[in-house]
Amino acid sequence: MSCAFRAVTPADLETVRRLADRIWHACYPGIISPGQIGYMLGWMYAPHKLAGELARGVTYELVELAGKPVGYLAHELQDGGATLHLNKLYLLTELQGQGHGQRMLRRVFAAARQAGAAQVELRVNRANVRAVRAYERAGFQITATACLDIGAGYVMDDYVMRRAVTAADADP
């Protein structure tokens, strides 16, 4: 079964938040502490934060299978439109490894190509080996490391990864 994409509206933000809570609590133990998981969910997925991102033009899409939300992605143009920054790409753990994540990435690449961006950039936790490998399989390369103090004694210790947008990155 193929996934479908639907633009997130303000009415969908609670669905995004619930998906984030479920996915993060399944994916991040062993990568970051339970305290940091809770802190980051509260910081990144607070209703006012999500609404503000939508209002400033961050593109959010729900990923659905048989009409049921199973994941989400978010991206925005940066560097005067030269870079599409992939802010979020999350899928329920029980659906990982079935090609849906690759379809989600193809959707992002197509959006970058349509917007005229030369590259897609993202940040991924350095200890998230599974995600790093998936991004490498999709053509991303590690270009830098970044450690950001996010408060409350926590940091985001990430790789910055980039991939050029190519002529093959047409609509998925």
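Please read all numbers here as calculations on a predicted model, not as lab measurements.

**Digging into the overall build of the protein**
Scanning the protein for helices and strands turns up five helices and seven strands. Counting from the amino terminus, the protein carries its helices and strands in the arrangement β-α-α-α-β-β-β-α-β-α-β-β. Taken over C-alpha atoms, the radius of gyration comes to 15 Å for the protein, in line with the 16 Å a tight globule of 172 residues would show. Projecting the C-alpha coordinates of the protein onto the three principal axes gives extents of approximately 45 × 40 × 35 Å. By residue count, 44% of the 172 residues in the protein fall in the buried class. Sequence-distant contacts in the protein: of pairs separated by 6 or more residues, those separated by 24 or more amount to 62%. Accessible area for the protein stands at about 8,600 Å²; split by element, carbon and sulfur atoms hold 52% of it.

**Description of the packing of helix H1 (residues 13-27) against helix H2 (residues 34-44)**
Between H1 and H2, whose axes approach to 11 Å, the crossing angle comes to 155 degrees. As summarised for this structure, H1 and H2 are arranged roughly antiparallel, according to the angle between their axes. Between H1 and H2 lies a crossing of right-handed hand. Facing H1, whose interface residues are Ala20, Asp21, Trp24 and His25, H2 presents Ile37, Met40, Leu41 and Met44. Split into classes, the residues belonging to the contact of H1 with H2 amount to six nonpolar, one polar and one charged.

**Quick word on the layout of surface pockets**
Reported here for the largest pocket is a volume of approximately 1,200 Å³. Lining the largest pocket are 45 residues, with Tyr28, Leu89, Tyr90, Val124 and Tyr135 sitting closest to its centre. Mapped by element, the contributors of at least two residues to the lining of the largest pocket are H1, H2, helix H3 (47-55), strand S4 (83-91), helix H4 (100-115), strand S5 (119-125), helix H5 (129-137) and strand S7 (154-164). Looking at the lining of the largest pocket, the element that brings in the most residues is S4, giving seven residues.

**A look at the environment of Met44**
Along the polypeptide, Met44 turns up in helix H2. On the accessibility criterion, Met44 (14% relative accessible area) is buried. In sequence terms Met44 and Gly151 are 107 residues apart; their C-alpha atoms lie 12 Å from each other. Apart from the residues lying within four places of it in its own chain, the contact partners of Met44 are Trp24, Lys49, Leu50 and Lys88.

**A few points about the pattern of salt bridges**
Throughout the structure, instances matching the rule amount to twelve salt bridges. The partner of Glu121 in a salt bridge is Arg162, with the nearest N and O atoms 2.6 Å apart. Of the two residues, Glu121 is situated in strand S5 and Arg162 in strand S7; the sequence distance between them amounts to 41 residues. Salt bridges here are not isolated pairs; linked through shared partners, they connect Arg6, Asp12 and Glu64.

**Brief notes about the packing of aromatic side chains**
Summed over the entire model, instances satisfying the criterion amount to eight aromatic pairs. A ring pair is formed by Trp24 and Tyr90, whose centres lie 5.9 Å apart and whose planes are at 40 degrees; its orientation type is tilted. Residue Trp24 is located in helix H1, and its partner Tyr90 is located in strand S4; the two are separated by 66 residues in the primary sequence. The class of Trp24 is buried, set by a relative accessible area of 2%. For Tyr90, a relative accessible area of 14% corresponds to the buried category. Ring centres 5.6 Å apart and planes at 75 degrees place the aromatic pair Tyr135 and Phe140 in the edge-to-face group. Among the aromatic residues, ring-to-ring pairing joins Trp24, Tyr28, Tyr45, Tyr72 and Tyr90 into one connected group. In this structure, Lys88 is placed above the aromatic ring of Tyr45, and the distance from its NZ or CZ to the ring centre is 5.5 Å. The side chain of Arg163 reaches across the aromatic face of Phe109, ending 3.7 Å from its centre.

Rules and cut-offs
Residues numbered from 1 in each chain as written. Predicted model: local features only at pLDDT ≥ 70, side-chain atom pairs only at ≥ 80, totals over all residues. Heavy atoms only, no water. Helix = DSSP H or I, 4+ residues; strand = E, 2+ residues; numbered from the N terminus. Rg over C-alpha atoms; globule rule 2.2 N^0.38 Å. Buried < 20%, exposed > 50% of the residue type's maximum accessible area, 1.4 Å probe, protein only. Contact = heavy atoms within 4.5 Å. Areas by Shrake-Rupley, 256 points an atom, 1.4 Å probe, with all protein chains shown as cover. Axes fitted to C-alpha atoms, helices over the stretch in contact; angles between N-to-C directions. Parallel < 35°, antiparallel > 145°, perpendicular 65-115°, else oblique. Left-handed = near helix turned anticlockwise from the far one by under 90°. Nonpolar A, V, L, I, M, F, W, Y, C, P; charged D, E, K, R; others polar. 1 Å grid on protein atoms, 1.4 Å probe; cavity = no way out; pocket = protein on both sides within 12 Å on 5 of 7 lines; lining within 4 Å. Points joined across faces, edges and corners; volume = space filled by probe spheres on them. Salt bridge = Lys/Arg side-chain N within 4 Å of Asp/Glu carboxyl O. Phe/Tyr/Trp six-rings, centres within 6.5 Å; stacked < 30°, edge-to-face > 60°. Lys NZ or Arg CZ within 6 Å of the ring centre and 35° of its normal.

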